[in-house]
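For reference, the chains in residue letters:
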Amino acid sequence: MSEDLREMLTDGAVHEGDIVTGEVTAVDDSGVTVALSHGFEGHISPQELSALPGTEPAQVLAVGDNVTAVVVKVDMESGQVTLSKHRAQQADAWNRMQELLESQETFEVVVRDVVKGGLVADVGVRAFIPASLVDRRFVEDLNEFKGQTLRVKVVEVDAEKNKLILSRRAVLEEEQEQRAHDLMSHLEPGQVVEGVVQRLTDFGAFVDVGGADGLVHISELSYSHVDHPSDVVKEGDHVQVRVLRVDPDAGRISLSMKAAQPEPWEQYATQYHAGDVVQGTVKRVVDFGAFVELQPGLEGLVHVSQISNEHVAHPGDVLEPGQEVTVRILSVEPDRRRISLSMREPSAAPAEAASSNRRREPRRQPERQVEAPSSGTGATLGDLFGDLFKK
């Protein structure tokens, strides 16, 4: 060490605890070398670069960067000044995080690591983003976020416990609310738009229609009877929906998938005529018969009396939902939107009718003949007394 430098150190030009600024001249696995004023050279070890253990120097600084650090130690013999970047940032970082908590301002962080339960970032102090606050929906693999820059908000600050909690979900939800508000101001009942199925419930499906989720009630999923939404759609499906109602104050959008499709009667009913024999699927069984689907959303009724040539006590004794059946069309009534069907054998009807006619035909009485008492002759009274009657 030169006498001038030793003298400067002795005179106290650099003190422990000072905040100094310098230019990075070298970066390697052992740390970062910083050129300070008055010819001093400082060194920042990997442990003093970041609030996150295990951070590599090249992840934090590069040659030519300006860095502010606190003087940790001055070695009078070697003239080496030990610096700490993260210690210089801590006090300011906690103050800034408290201000951001109060203002709820959005800012950016770089994800440095993925740990059990969430993500870790360095904002001068260690910041943690719990898995539940990473996205609006469950994220199966958090590793996809490592190295990414995320926009977040502060949700909790506790400097004494060294605890800082950030949330990306809060930012996403705020953005989604704004998009929903903008969207609702433009959506009108009757519009047909494309959406993406986001999630399913027992009572319907939520569909994103460009920034806001609308509900397709289970009764609006299809013209056919639907037991559960998963029978019709799955998450991620792209679907056409018609807007039924928009309620900006409540933040609700009511949608219909079936209303965005051609009405089954208009699409299919003209294809069917009385006497046609067609295939169908039993959809529902009720006390008075069974509803058979001929086309999606187009059903006809097989009355209990038309299920079989034999007597049927209850339709459920013969039919069940999902069963494929052959039916004959008895009548098509477009005005009443009704199709009557039969599963009875057509050939049995004439025979039964003939039998019924026979039962209704009056019985003819046979001509009565008067016979003589049996005499063994086989002669009739006419034969015996015919001449007498002539006289």
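K.L.:
Which residues make up the overall build of the protein chain, and what values do they have?
P.N.:
Looking only at helices and strands, the protein chain has 7 helices and 20 strands in total. Put simply, 59% of the contacts in the protein chain that link residues at least 6 apart link residues at least 24 apart. Total accessible area computed for the protein chain in this model is approximately 23700 Å², and 47% of it derives from carbon and sulfur atoms.

K.L.:
Run through the pairing of strand E11 (residues 192-201), naming residues and quoting values.
P.N.:
Pairing geometry for E11 and strand E14 (residues 238-247), over 5 bridges, is antiparallel. Residue pairing in the sheet places Val193 in a bridge with Val241 of E14. Here E11 pairs with strand E12 (residues 204-208) via 5 bridges, running antiparallel. Residue pairing in the sheet places Val196 in a bridge with Asp208 of E12.

K.L.:
Before we move on, could you go through the packing of aromatic side chains and cite the residues and values that matter?
P.N.:
Following the criterion strictly, the structure yields 2 aromatic pairs and no others. Taking the centre distance of 6.3 Å and the plane angle of 85° together, the rings of Phe203 and Phe206 count as edge-to-face. Summarising the aromatic geometry, the rings of Phe288 and Phe291 are spaced 6.2 Å apart at their centres and angled 85° between planes, so their arrangement reads as edge-to-face. For Phe288, a relative accessible area of 41% gives the class partly exposed. Take Phe291: its relative accessible area is 19%, and that puts it in the buried class.

K.L.:
For the sheet that holds strand E3 (residues 41-44), give the residues involved together with the corresponding values.
P.N.:
In spatial order, the strands read E1-E2-E3-E5-E4; together these 5 strands close into a barrel with mixed pairing. The average angle at which neighbouring strand axes cross in this sheet is 50°, direction not considered. Pairing of strand E1 (residues 19-28) with strand E4 (residues 66-74), which is carried by 5 bridges, proceeds in the antiparallel orientation. Its bridge partner being in E4, Thr21 is matched across the sheet by Thr68. Along the sheet, helix H3 (residues 85-103) makes contact with E1, E3, E4 and strand E5 (80-84), crossing E4 at roughly 110°.

K.L.:
Let's hear about the sheet that holds E14: which residues, and what values?
P.N.:
Taken in spatial order, the 5 strands close into a barrel running E11-E12-E13-E15-E14, and their pairing is mixed. For this sheet, the mean angle separating the axes of adjacent strands, direction not counted, is 50°.

K.L.:
Could you give an account of the pairing of strand E10 (residues 163-167), naming the residues involved and the relevant values?
P.N.:
Of all the 5 residues making up E10, 4 are buried; the element is thus mostly covered by neighbouring parts of the structure. Where strand E9 (residues 149-158) and E10 come together, 5 bridges link them in antiparallel fashion. Residue pairing for E10: Glu156 is matched across the bridge by Ile165. Following E9, the chain reverses through 4 residues before pairing antiparallel with E10; Asn162 in that reversal takes a positive phi of roughly 55°.

K.L.:
Go over helix H4 (residues 169-184) with me, naming the residues and quoting the values.
P.N.:
Given a rise of 1.5 Å per residue, 16 residues ought to cover 22 Å, and the 22 Å separating the end C-alpha atoms of H4 matches this to within 8%. Listing the buried residues of H4 in full gives Val171, Leu172, Gln176, Ala180, Leu183 and Met184. Each element contacted by the buried residues of H4 is listed here: E9, E10, strand E13 (213-217), E14 and strand E15 (252-256).

K.L.:
Pulling in residues and values, what's your account of unusual backbone geometry?
P.N.:
It is generally the case that most residues other than glycine have a negative phi and that most peptide bonds are trans. Phi angles above zero are rare outside glycine, and Asn162 is one such case at about 55°. Overall, the relative accessible area of 47% leaves Asn162 in the partly exposed class. In this structure, Arg337 takes a positive phi of about 50° despite not being glycine. If you trace the backbone, Arg337 turns up in the loop between strand E19 (324-333) and strand E20 (338-342).

K.L.:
Talk me through the nonpolar core; I want residue IDs and the actual numbers.
P.N.:
Residues Phe107, Leu164 and Leu166 are the most contacted members of the largest nonpolar core, which totals 23 residues. Residue assignment for this core shows that the elements contributing at least two residues are H3, strand E6 (107-115), strand E7 (118-122), strand E8 (126-130), E9 and E10. Contact partners of Phe107, with chain neighbours within four places excluded, come to Arg96, Met97, Leu100, Val123, Leu150, Arg151, Val152, Lys153, Val154 and Leu166. Membership of the second largest hydrophobic core comes to 21 residues, among which are Met184, Val209, Val233 and Val241.

K.L.:
Describe the environment of Gly190, listing the residues and the values that go with them.
P.N.:
Considering the arrangement of structural elements, one finds Gly190 in the loop between H4 and E11. For Gly190, a relative accessible area of 36% gives the class partly exposed. In this structure, the C-alpha to C-alpha distance between Gly190 and Leu244, residues 54 residues apart in sequence, is 6.2 Å.

K.L.:
Tell me about the pattern of salt bridges, and name the residues and values.
P.N.:
For the coordinates displayed, the defined rule picks out 14 salt bridges. Among the ionic pairs, Arg338 bridges to Glu333, the shortest N-O distance being 3.2 Å. Taking relative accessible area as the criterion, Glu333 reaches 23% and is therefore assigned partly exposed. Residues joined by salt bridges that share partners form a network here, namely Glu333, Arg336 and Arg338.

K.L.:
With reference to specific residues and values, describe the confidence of the model for the protein chain.
P.N.:
Looking at the protein chain as a whole, the pLDDT averages 84, with 85% of positions reaching at least 70. Confidence drops under pLDDT 50 across residues 348-386; counting only partners more than four residues distant or on other chains, this segment forms 7 contacts.

K.L.:
Let's hear about the environment of Pro189: which residues, and what values?
P.N.:
Relative to the helices and strands, Pro189 is located in the loop between H4 and E11. Accessibility expressed as a relative area gives 56% for Pro189, which makes it exposed. When the C-alpha atoms of Pro189 and Arg242 are compared, they prove to be 7.6 Å apart, with 53 residues separating the residues in sequence. Once residues within four sequence positions are removed from consideration, Pro189 is found in contact with Val243 and Leu244.

About the cut-offs
Residues numbered from 1 in each chain as written. Predicted model: local features only at pLDDT ≥ 70, side-chain atom pairs only at ≥ 80, totals over all residues. Heavy atoms only, no water. Helix = DSSP H or I, 4+ residues; strand = E, 2+ residues; numbered from the N terminus. Contact = heavy atoms within 4.5 Å. Areas by Shrake-Rupley, 256 points an atom, 1.4 Å probe, with all protein chains shown as cover. Pairing = 2+ DSSP bridges. Phe/Tyr/Trp six-rings, centres within 6.5 Å; stacked < 30°, edge-to-face > 60°. Buried < 20%, exposed > 50% of the residue type's maximum accessible area, 1.4 Å probe, protein only. Axes fitted to C-alpha atoms, helices over the stretch in contact; angles between N-to-C directions. Expected span 1.5 Å × (residues − 1). Core = buried A, V, L, I, M, F, W, Y, C linked by side-chain atoms within 4.5 Å. Salt bridge = Lys/Arg side-chain N within 4 Å of Asp/Glu carboxyl O. pLDDT = per-residue confidence, 0-100.

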